[in-house]
Amino acid sequence: MYTQSFNVPDETGQRTVKTVAHTEPPELMAKFDARIDADGRIEPQDWMPEAYRKTLVRQISQHAHSEIVGMLPEGNWISRAPSLKRKAILIAKVQDEGGHGLYLYSAAETLGTSRDQLLDALHSGKAKYSSIFNYPTLNWADVGVIGWLVDGAAIMNQIPLCRCSYGPYSRAMVRVCKEESFHQRQGYEALLVMMKGNQAQKDMVQDAVNRYWWKCLAMFGPPDADSPNSAQGMRWGIKRISNDDLRQKFIDATVPQAKVLGVTLPDPDLKWNEERQHYDHGQIDWEEFWATVNGNGPMNKERLATRVKAHNDGAWVREAALAHARKQQQRQQKEAA
Ligand code: FAQ
């Protein structure tokens, strides 16, 4: 459903951005640029400019943190799922998100930053994670809407990342996208069932859509004109499609899905524009977005506190695993002696 993202030509500005000033060795830099221009992949053992490494650690670790913090809003509903079938699906989905976080932390570690450093940055509030996970899940329909819209937006953003210039990130994204596709479908299917139910169930779905629609549009990041990282990210083949173009693709794909579902998207300005061949839409509240990104959304403090507690509660597992590994190593050394 979302694979059409592959059809967007790369030349939408990506290669035309000038390289920023740097103090890297010119020969190595020229080789690196040539590989990027030829759409080649950069692997962990390859030379890369420090700014490229830094950008990747930033983006991949934010992505990893989003997956891990993203387990919390839906995780809250595992014990309250309305049937055994829904509970089993939800457990599998939340577990998948944890797995995505682990692939992504591993990909970030290949760039020379340790897992402990990455987690410290999250737990101290220094690192960002997706704004969308700072809103509460108030009713069961929120779980369906997260699958349909949040995973839908995540796939739209991540399909182009399967062709990211950094090998480990692009390979992780292939598997992540396959799993996100199941997540999106299970959410949409759960909502379809609710929309065939009674009025209270239909109202619940509409209420969840009303609360999540605008937040999902903001997930794609600030408008291109206010996106400080986009130009360089696109020049390096990390990002392939701009924030605004991805947002537009998501809206265009979602409007027909909303019609089939029978819900209204809460935007009076949402209209098909024949000339542009896209839907026009209303203004996103960027002030609210930045407040949330900067730690002042409705659930930021609770999400972070839950993560820090889970990490601290798990300290004994990490210590036990390390002690076991040390014991095994000592035993092997003794046997070898
Ligand atoms: N939330 O210059 P740009 C998921 C920050 S995974 C918070 O445009 P960039 C799966 C941005 O970091 C969802 N912060 O930045 C799931 C930057 O700050 P910095 C996560 C945001 O990197 C589903 C500043 O604003 N997906 O949902 C957000 O070029 C269901 C300026 O922005 C990814 O992370 C935001 N929404 O573009 C799990 C995908 N947007 O670092 C559970 C990978 C922007 O300079 C349940 N990431 N910022 O201090 C990306 O594609 C990019 O990093 C963007 C941002 C597009 C998110």
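Source: prediction; values computed, not measured. (Residues numbered from 1 in each chain as written. Predicted model: local features only at pLDDT ≥ 70, side-chain atom pairs only at ≥ 80, totals over all residues. Heavy atoms only, no water.)

1. Focus on the packing of helix α6 (residues 140–158) against helix α8 (residues 199–218)
Relative to each other, α6 and α8 sit at 35°, their axes nearing to 9 Å. As for how α6 packs across α8, the hand of that crossing is right-handed. Facing Trp140, Ala141, Asp142, Val145, Ile146, Trp148, Leu149, Val150 and Ala153 of α6, the residues of α8 in contact are Met204, Val205, Ala208, Val209, Arg211, Tyr212, Trp213 and Cys216. (Axes fitted to C-alpha atoms, helices over the stretch in contact; angles between N-to-C directions. Helix = DSSP H or I, 4+ residues; strand = E, 2+ residues; numbered from the N terminus. Left-handed = near helix turned anticlockwise from the far one by under 90°. Contact = heavy atoms within 4.5 Å.)

2. Some points on the site of the ligand
Taken together, 37 residues lie near the ligand, and Gln62, Lys128, Ser131, Ser227 and Lys239 sit nearest. The contact in question runs from an oxygen atom of the ligand to an N or O atom on the side chain of Lys128, over 2.5 Å. Take Lys239: an N or O atom from its side chain is 2.7 Å from an oxygen atom of the ligand. Out of a free accessible area of 1,100 Å², the ligand has 92% covered by protein chains. Looking at the shell around the ligand, the elements that each hand over two or more residues are α2 (50–69), α4 (84–109), α6, α7 (167–195) and α11 (286–296). (Near = heavy atom within 4 Å. Polar contact = N/O pair within 3.5 Å; in protein donor to acceptor, adjacent residues only side chain to side chain. Areas by Shrake-Rupley, 256 points an atom, 1.4 Å probe, with all protein chains shown as cover.)

3. So, unusual backbone geometry
Its identity is not glycine, yet Asp39 carries a phi of approximately 60°, on the positive side. With respect to the helices and strands, Asp39 occurs in the loop between α1 (26–37) and α2. Accessibility expressed as a relative area gives 32% for Asp39, which makes it partly exposed. (Buried < 20%, exposed > 50% of the residue type's maximum accessible area, 1.4 Å probe, protein only.)

4. Some remarks on the confidence of the model for the protein chain
This prediction gives the protein chain a mean pLDDT of 94; 94% of its residues lie at or above 70. Below a pLDDT of 50 lies the segment residues 9–15, which in the model reaches 18 contacts outside its immediate sequence neighbourhood of four places, other chains included. (pLDDT = per-residue confidence, 0-100.)

5. As for the packing of aromatic side chains
Within a pair of aromatic rings, the relevant descriptors are the distance that separates the centres and the angle that separates the planes. Using the criterion set out here, one finds 10 aromatic pairs in the structure. Seen from their ring centres, Trp213 and Phe250 are 6.0 Å apart, and the 20° between their planes marks the pair as stacked. Linking Trp213 in helix α8 with Phe250 in helix α10 (residues 243–261), this pair joins segments that are 37 residues apart in sequence. Each member of the pair, Trp213 as well as Phe250, is classed as buried. Among the aromatic residues, those joined into a ring-pair cluster are Phe32, Trp47, Tyr52 and Trp236. Stacked on the ring of Trp77, the Lys or Arg Arg80 has its end atom at 4.0 Å from the ring centre. (Phe/Tyr/Trp six-rings, centres within 6.5 Å; stacked < 30°, edge-to-face > 60°. Lys NZ or Arg CZ within 6 Å of the ring centre and 35° of its normal.)

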